[in-house]
Amino acid sequence: MKQVLGIMSCTLLLAACAATSEQEEPTATAVLQPRSGSQVQGTVKFTQIGDIVRLSGEITGHTKGPKGFHIHEKGDCSDPKAMSAGGHFNPHKGKHGGPYDPVKHAGDIGNLVFNDQGVAKVNITVGNISVSRDGPDGIIGRALVVHMDPDDLKTDPTGNAGGRAACGVIG
Ligand code: CU
Ligand code: ZN
């Protein structure tokens, strides 16, 4: 009987620990608004999980296919074509690449694939960024951008992804 009680209290303790650490994970959100005359919009949540960051959410209103998806340097989406967001977030002076390439910009998230209905479910994990305002890799106060065209994952510095279809400040 004593053993059973011991196991039970362990289980309860573990559950309590898990709940606490989940609440402490830093999060941020970007509300993407249409730019460049598009109808692309949506919300993406960023969750820090240890050394990686999970992006989750849904974006609608695009044409079908892969579209470039990046964190840009400046948290300013005010320009009608979102040019005010600057270039790709690049704290370590890398060259453009894919999200899992050794050489890339920290803001290179790759492509988001939109379906026949023009909807993309976001469920991506990436490294090299952190959900914080301070430090070289911090993304709070920067911008999330969806492009008009696919990112070719190699052309420096833009990935040849075309115009900026939607932009949202990460906060
Ligand atoms: Cu971009
Ligand atoms: Zn890039």
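Residues numbered from 1 in each chain as written. Chains lettered and ligands numbered in written order. Predicted model: local features only at pLDDT ≥ 70, side-chain atom pairs only at ≥ 80, totals over all residues. Heavy atoms only, no water.

(A) Structural context of the pattern of salt bridges. One pass over the structure, following the stated rule, counts 2 salt bridges. A salt bridge links Lys 121 to Glu 58; the shortest N-O distance between them is 2.5 Å. With Lys 121 in strand S6 (residues 120–126) and Glu 58 in strand S3 (residues 52–60), this pair connects stretches of sequence that are 63 residues apart. Residue Asp 116 pairs with Lys 64 through a salt bridge whose shortest N-O separation is 2.9 Å. You can see Asp 116 sitting in the loop between strand S5 (108–114) and S6 and its partner Lys 64 sitting in the loop between S3 and strand S4 (65–72), a full 52 residues away along the chain. Classification of Lys 64 as exposed rests on a relative accessible area of 56%. (Salt bridge = Lys/Arg side-chain N within 4 Å of Asp/Glu carboxyl O. Helix = DSSP H or I, 4+ residues; strand = E, 2+ residues; numbered from the N terminus. Buried < 20%, exposed > 50% of the residue type's maximum accessible area, 1.4 Å probe, protein only.)

(B) The coordination of the zinc ion (ligand 2), seen in detail. The protein atoms donating to the zinc ion (ligand 2) are His 88 (ND1), His 96 (ND1), His 105 (ND1) and Asp 108 (OD), with metal-donor distances spanning 1.9 to 2.1 Å. With 4 donor atoms in place around the zinc ion (ligand 2) and angles of 99 to 118 degrees between them, the coordination shape is tetrahedral. (Donors = N, O, S within 2.8 Å, 3.2 Å for Na, K, Ca; no water. Tetrahedral: all angles 85-135°; square planar, octahedral: opposite > 155°, others 65-115°.)

(C) Just unusual backbone geometry, in detail. Geometrically, the link from Asp 156 to Pro 157 is a cis peptide bond, its omega value of 5 degrees lying close to zero. Residue placement: Pro 157 occurs in the loop between strand S7 (143–147) and strand S8 (164–169). In the Ramachandran plot, Asn 160 falls in the positive-phi region, its phi being about 55 degrees despite a non-glycine side chain. We classify Asn 160 as exposed; its relative accessible area is 53%.

(D) Representation of the sheet that holds strand S2 (residues 41–49) within the structure. Sheet architecture is open: 8 strands sit in the order S5-S4-S7-S8-S1-S2-S3-S6, paired in antiparallel fashion. Either end of the sheet is taken by a strand with one partner, and the two such strands are S5 and S6. Here the average twist between neighbouring strands, direction ignored, is 20 degrees. Relative to S2, strand S1 (residues 27–34) runs antiparallel, the two sharing 6 bridges. Bridging from a neighbouring strand, Leu 32 pairs with Gly 42 of S2. (Pairing = 2+ DSSP bridges. Axes fitted to C-alpha atoms, helices over the stretch in contact; angles between N-to-C directions.)

(E) Quick look at the environment of Gly 97. One can find Gly 97 in the loop between S4 and S5. Sequence spacing of Gly 97 and Gly 110 is 13 residues, and the spatial spacing of their C-alpha atoms is 8.0 Å. When residues no more than four places from it in sequence are discounted, the contact partners of Gly 97 are Val 103, Lys 104, His 105, Asp 108 and Leu 153. (Contact = heavy atoms within 4.5 Å.)

(F) Spotlight on the nonpolar core. Within the largest apolar cluster, 29 residues are counted, with the highest numbers of intra-cluster contacts made by Val 44, Phe 46, Leu 55, Ile 59, Phe 69, Ile 71 and Leu 144. Counting residues per element, the ones that place at least two in this core are S1, S2, S3, S4, S5, S6, S7 and S8. In terms of residue count, the dominant contributor to this core is S6 (4 residues). Beyond its immediate chain neighbours, meaning those up to four positions away, Phe 46 contacts Pro 26, Thr 27, Ala 28, Ala 30, Val 53, Arg 54, Leu 55, Ile 71, Val 131, Ile 139, Leu 144 and Ile 170. Grouped together as the second largest cluster of nonpolar side chains are 6 residues, Cys 77, Ala 82, Val 145 and Cys 167 included. (Core = buried A, V, L, I, M, F, W, Y, C linked by side-chain atoms within 4.5 Å.)

(G) Here's a closer look at the side chain of Ser 38. Here Ser 38 shows up in the loop between S1 and S2. A polar atom in the side chain of Ser 38 sits 2.5 Å from the backbone oxygen of Ala 165. Not counting residues within four places of it along the chain, the set of residues in contact with Ser 38 comprises Met 148 and Ala 165. (Polar contact = N/O pair within 3.5 Å; in protein donor to acceptor, adjacent residues only side chain to side chain.)

Don't take any of this as a statement about function, it's just geometry.
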